[in-house]
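# Structural features, examined
Below are the chains, spelled out letter by letter.
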Amino acid sequence: MASVPEANSSSAPIAILGAGSWGTALAIQFARTGRPTLLWGRDAAQLQELARDRCNKRYLPDAAFPTPLQIAPDLAAALRSARDVIVAVPSHALRSLLEQIVRHRTPQLRLAWATKGFELTTGLLPHQVAEQVLGRDVPCAVISGPTFAREVGAGLPTAMTIAASDETFARDLAHSISGDNFRAYTSTDMIGVEIGGALKNVIAIGAGISDGLGFGANTRIALITRGLVEMTRLGVALGARRETFMGLAGLGDLVLTCTDDQSRNRRCGLAIAAGESVAHAQERIGQVVEGVLAAKAVREVAARVNVEMPICEQVYRVVYEGVPPQAAVKELMRRALKPENS
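Anyway, here's the lowdown on the structure attached to this text. (Residues numbered from 1 in each chain as written. Predicted model: local features only at pLDDT ≥ 70, side-chain atom pairs only at ≥ 80, totals over all residues. Heavy atoms only, no water.)

## Side note on the packing of helix α14 (residues 310–321) against helix α15 (residues 325–333)
- Orientation of α14 relative to α15, taken along the N-to-C sense of each, is 160°, at an axis distance of 10 Å. When the interaxial angle is binned, α14 and α15 end up roughly antiparallel. The way α14 lies across α15 gives a crossing that is right-handed. The residues of α15 that touch α14, namely those facing Pro310, Ile311, Gln314, Arg317 and Val318, are Pro325, Ala328, Glu331 and Leu332.
- Classifying every residue of the contact of α14 with α15 gives 6 nonpolar, 1 polar and 2 charged. (Axes fitted to C-alpha atoms, helices over the stretch in contact; angles between N-to-C directions. Helix = DSSP H or I, 4+ residues; strand = E, 2+ residues; numbered from the N terminus. Parallel < 35°, antiparallel > 145°, perpendicular 65-115°, else oblique. Left-handed = near helix turned anticlockwise from the far one by under 90°. Contact = heavy atoms within 4.5 Å. Nonpolar A, V, L, I, M, F, W, Y, C, P; charged D, E, K, R; others polar.)

## Some words on the nonpolar core
- By size, the foremost hydrophobic cluster in this structure holds 67 residues, and its most contacted members are Leu17, Val87, Leu98 and Leu111.
- For this core, the element with the most residues is helix α1 (residues 21–32), which contributes 7 residues.
- In this structure, Val87 is in contact with Leu17, Leu94, Leu97, Leu98, Ile101, Leu111, Ala112, Trp113, Ala114 and Thr115, ignoring residues within four places of it in sequence.
- Counting residues in hydrophobic clusters, the runner-up holds 43 residues, among them Ala198, Val292, Val307 and Val318. (Core = buried A, V, L, I, M, F, W, Y, C linked by side-chain atoms within 4.5 Å. Buried < 20%, exposed > 50% of the residue type's maximum accessible area, 1.4 Å probe, protein only.)

## Observations concerning the sheet that holds strand β5 (residues 110–113)
- Across the sheet, which stays open at both edges, the 8 strands sit in the order β3-β2-β1-β4-β5-β6-β7-β8 with mixed pairing between neighbours. On the outer flanks of this sheet lie β3 (69–71) and β8 (182–187), each paired with one strand and no other. In this sheet, adjacent strand axes meet at a mean angle of 25° when their direction is disregarded.
- Alignment of strand β2 (residues 37–40) against β3, held across 3 bridges, turns out to be parallel. Each bridged residue has a counterpart across the sheet, and for Thr37 the counterpart in β3 is Leu69.
- Contacts from helix α7 (residues 167–177) reach β1 (14–17), β4 (84–87), β5, β6 (140–144), β7 (158–164) and β8 within the one sheet, and its direction differs from that of β7 by about 160°.
- Sheet strands touched by helix α8 (residues 190–212): β5, β6 and β7. Its angle to β6, the strand with the most contacts, is close to 35°. (Pairing = 2+ DSSP bridges.)

Right, dumping it as structure tokens:
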């Protein structure tokens, strides 16, 4: 693996922590724009393979690494070199990685994450976890939106959102990642972008179940539309801006995840509808299905702030209580009639 340069200028590398499909895709896209990029993962053997093969054969075998993308041999080296750091790990691994970052942080650190979902044990959003671990003096941002790793790796036209309380940081990241086939928009609504990323995974499991049961296009679009209502309802209750949910990180990501079989959450729903157990479906998919964990966390958070979320509630019951999918659908259809906007 290449030696890692020291950070001493505005052209210092950006470090991507997490060498799964999405972390790899982000690293490729940053490197495509010419920014020196370091990719690190916790599996040392995998890092050696990435450095040797110059691609991630497991997740994105057809996406060759651009020249500016190098593999960081260890976490300390990556953090020592980079001003900007992006965490791309599942929500259950976020806190432990942040705690490692604290031990190696530099004064110039700016941190972003592509992590989606609430922390299961606390019900906290990623920015709240980051604040607990790192304090409030580190500029932070969240990256989200309608993006499949394979398509980003292939260089297909894509748009996404970067939200940060520090507008300069959001703008810097947007300029660093944007290119001929990639466009990043900025926002200051971190809560809204995080809520969108968490909720769409739960609803996508429901969409997969619906399609797997053969309920058709009418059912699918009703589920997506009412799912957007639930997403907005919870987001506003937690301090998000309503208009965020009509954008890329809300409606855009929701439609993408509910309608395309690249979505692990949708595929999990399809498997459940076909009679597979949730555990078997996750094992066969071979990657973390964030919506499974999010269903439990969302239910608890919604109860805490007294927000009604019937679709997410039924997904939870199917996933955790073994309720037959057909029974969950009947329960939704039998709910009392009311005005659409109530």
